[in-house]
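Spelled out, the chains give:
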Amino acid sequence: AEVEAPEVRAKWVDAFFEALSGFKYLPAGRILAGSGTKRSVTLFNCFVMGTVPDDMSGIFEHLREAALTMQQGGGIGYDFSTLRPKGAPVKGVGADASGPLSFMDVWDAMCRTIMSAGHRRGAMMATLRCDHPDIENFIEAKQQPGRLRMFNLSVLVTDAFMQAVKEDGPWELKFNGTTFRVVRARELWDKIMRSTYAAAEPGVIFIDRINRANNLSYCETISATNPCGEQPLPPYGACLLGSINLTTLVRDPFGPKAQLDLAELDRLVRVAVRMMDNVIEASNFPLPQQTHEAISKRRIGLGVTGLADALIMCEARYGSARAVELTDQWMRAMTRAAYLASVDLAKEKGSFALFDRDAYLKSEFVQRLDLDVQDAIAQHGIRNALLTSIAPTGTISLFADNVSSGLEPVFSFKYTRNVLLPDGSRQAEEVTDYAYRLYHRLKGEDAPLPDYFVDAQTLSPQDHVLMQATVQKHIDSSISKTINVPVDLDFEAFKDVYLMAYETGCKGCTTYRPNEVTGAVLEVSK
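Given the structure is predicted, the values throughout are model-derived calculations rather than measurements.

Chemist: I would appreciate a short explanation of the packing of aromatic side chains in the present structure.
Modeler: Aromatic ring pairs are reported here in terms of the distance separating the ring centres and the angle at which the planes meet. Inspection of the entire model under this criterion finds 28 aromatic pairs. For the ring pair Y78 and W107, a centre distance of 5.2 Å and an interplane angle of 75 degrees mean the geometry is edge-to-face. Taken together, the residues span a long stretch of sequence, with Y78 in strand β3 (residues 75-79) and W107 in helix α4 (residues 100-115) at a distance of 29 residues. Y78 gets classed as buried once you look at its relative accessible area, which sits at 1%. A connected cluster of aromatic rings, assembled from ring pairs, spans F161, W171, W189, Y197, F491, F494 and Y498.

Here it is in structure tokens:
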């Protein structure tokens, strides 16, 4: 609230405090850990770094920028598609290129070094285009024990590639206009699928869809995301996060009138948007380029957490027709309130610097908003270029009495969490779900669980995709979502999950099938 004018500051202190109380609004971890501490840290969770030039001095300058960003607590994303493939000639020095993966190893070592000074796991995302000549090595990189552990990996998949997969056509692997070789698109797709089936990586990012739907497609191009994938960002893009805790808005939980208080959702979203907009001024930034991006576009990523618990409290089974209907209604209401709040801020404080009224209103996502919202933007402008995102919310959901995280189903109603301690050891903690405890408190300790109590262990992958696609319709950025698949799901059925994600309008797809390579942070109790 210090960002506000002195004469209204006290009013907003009270409003922000009220939104935070009872865990109704949960700013993301960087804001909670950094604001008010006077430490030189960033309050932004998400960064995508600059475009890596294909020369040695530029590469190591970008390594330095990555280290500075991680030191302040930001997670970073990098597209390594700009680096020439392994074996390509390096003119002037009479050598062959070592390829993007060798430089990813350097980044990985840097991240481990930075992490050793703090308690939080370093987080990075590496992307590579599906037509890069080294794509097959990228796909299989993490199958080597211990390699690239600080990275999440995702393949940038284009619409042309998906079409070639459907037609079983040829696919050129090329760099700077030179074709290195031609493969069958379907064989390359199967290679991605087999790797993620066996080791949960790489993920898939539908990059053409992301750029097409971007509100700022008229002034930026995206080729990477933050580590968890909920924020596709341009070079030096930055975004802060926060979530509305839907469980706090359910009235008469497990009762005949159980419903979400939409009027309270609207009010809370408007306060949260103002608070998040203020973070842009209140935060430090590791690099001047990040400051410029944040100030000129004023991206925020407001989302929800506790969705699955809120559905349970309204007696709706995750993935069912009623759950889809309620989720659609709630997310539409949140996005509407967020955009109107940003219009109100524009009236008071001005639109974001790169706002181009005609180009912005023509963007694919804005065209899907209610007509009165579009009219308000046309008349008054808008303060924040993009407003919504669904983050993993793992820590803040635990902090809020262990509500279900983000849009994920309840992982398990009772499970063991292996907590990383400052000395590097791990401590096992028994954890129970918020809605599960509330139900027993209201209905009695021995009350049997109704069928709408479903968890990630029992849901079908299709239930997951359906919910992700429902939420994505109302989210202008993207979604962090892990689709849990059973270990005995056969490979052909597994591939269908990714095709369904593409066909239903998702911007990416990440699955987790239990395996020995990645291990687990959470373990279901016997």
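Here the narrative resumes.
Chemist: Would you mind going over unusual backbone geometry with me for this structure?
Modeler: In most cases, non-glycine residues show a negative phi, while peptide bonds are predominantly trans. Backbone torsion omega between E201 and P202 reads 0 degrees, so that peptide bond is classified as cis. Within the element layout of this structure, P202 appears in the loop between α7 (185-199) and β10 (203-206). Residue D252 is not a glycine yet carries a positive backbone phi of 55 degrees. In this structure, D252 sits in the loop between β14 (250-251) and β15 (259-260). Looking at D252, the relative accessible area reads 36%, which means it is partly exposed.

Chemist: I keep staring at the side chain of E408 and nothing clicks. Help me out?
Modeler: Note on placement: E408 falls in the loop between α16 (394-399) and β17 (414-420). For E408, the side chain forms a polar contact with the side chain of K481, separated by 2.7 Å. In this structure E408 touches A308, Y318, S480, K481 and T482, once residues within four positions along its chain are discounted.

Chemist: Honestly, helix α3 (residues 56-71) in this entry has me stumped. Any pointers?
Modeler: Owing to its 3.6 residues per turn, the α-helix aligns residues three or four sequence positions apart on the same side. An ideal rise of 1.5 Å per residue puts 22 Å on 16 residues; α3 measures up with 23 Å between its terminal C-alpha atoms. Taken residue by residue, α3 has G58, I59, H62, L63, E65, A66, A67, T69 and M70 as its buried positions.

Chemist: Looking at this model, I keep getting lost on the pattern of salt bridges. Mind explaining?
Modeler: A pair can form between side chains of opposite charge whenever their charged atoms are brought close. Taken as a whole, this structure holds 38 salt bridges when the rule is applied. For the salt bridge of E503 with K166, the shortest nitrogen-to-oxygen distance reads 3.0 Å. On the criterion of sequence distance, the pair formed by E503 in helix α19 (residues 491-503) and K166 in helix α6 (residues 159-167) is long-range, its members being 337 residues apart. Salt-bridge contacts for D401 lead to R437; the nearest nitrogen and oxygen are separated by 3.2 Å. One end of the pair, D401, is in the loop between α16 and β17; the other, R437, is in helix α17 (residues 434-443), and 36 residues separate them in sequence. Looking at D401, the relative accessible area reads 40%, which means it is partly exposed. Judged by its relative accessible area of 25%, R437 is partly exposed. Put simply, E4, R274, E348 and K349 are held in one network by salt bridges that share partners.

Chemist: Help me out: how do you make sense of α6 in this one?
Modeler: If you check which residues of α6 are buried, you get F161, M162, A164 and V165. End-on, the buried residues of α6 take up no more than an arc of 160 degrees, which puts them together on one face. Where α6 is buried, its residues touch β7 (151-157), β8 (170-175), α7, β10 and α19. Of the residues flanking the end of α6, it is D168, one or two places downstream, whose phi is positive at about 55 degrees.

Chemist: Can you help me understand the layout of surface pockets in this one?
Modeler: In this approach a probe as big as a water molecule rolls over the atoms, and the regions it shows empty are the leftover space. A volume near 630 Å³ is recorded for the second largest pocket. A1, S35, G36, L43 and A282 are the residues nearest the centre of the second largest pocket, which is lined by 22 residues in total. Looking at the lining of the second largest pocket, the elements with two or more residues in it are α1 (9-20), α2 (29-34) and α9 (262-282). Here the lining of the second largest pocket takes 4 residues from α9, the largest share from any one element. Considered class by class, the residues forming the lining of the second largest pocket number 12 nonpolar, 7 polar and 3 charged.

Chemist: Can you help me understand the pairing of strand β6 (residues 124-129) in this one?
Modeler: A regular strand carries its side chains on alternate faces of the sheet. Burial of β6 is extensive: 5 of the 6 residues sit out of reach of the surface. Alignment of β6 against β7, held across 6 bridges, turns out to be parallel. By the bridge assignment for β7, L128 is matched with V155. Note that the unit made of β6, helix α5 (residues 135-140) and β7 has a crossover that is right-handed.

Conventions we followed
Residues numbered from 1 in each chain as written. Predicted model: local features only at pLDDT ≥ 70, side-chain atom pairs only at ≥ 80, totals over all residues. Heavy atoms only, no water. Phe/Tyr/Trp six-rings, centres within 6.5 Å; stacked < 30°, edge-to-face > 60°. Helix = DSSP H or I, 4+ residues; strand = E, 2+ residues; numbered from the N terminus. Buried < 20%, exposed > 50% of the residue type's maximum accessible area, 1.4 Å probe, protein only. Polar contact = N/O pair within 3.5 Å; in protein donor to acceptor, adjacent residues only side chain to side chain. Contact = heavy atoms within 4.5 Å. Expected span 1.5 Å × (residues − 1). Salt bridge = Lys/Arg side-chain N within 4 Å of Asp/Glu carboxyl O. Arc of directions from axis to C-beta. 1 Å grid on protein atoms, 1.4 Å probe; cavity = no way out; pocket = protein on both sides within 12 Å on 5 of 7 lines; lining within 4 Å. Points joined across faces, edges and corners; volume = space filled by probe spheres on them. Nonpolar A, V, L, I, M, F, W, Y, C, P; charged D, E, K, R; others polar. Pairing = 2+ DSSP bridges. Right-handed = clockwise from strand over helix to strand, strands pointing away.

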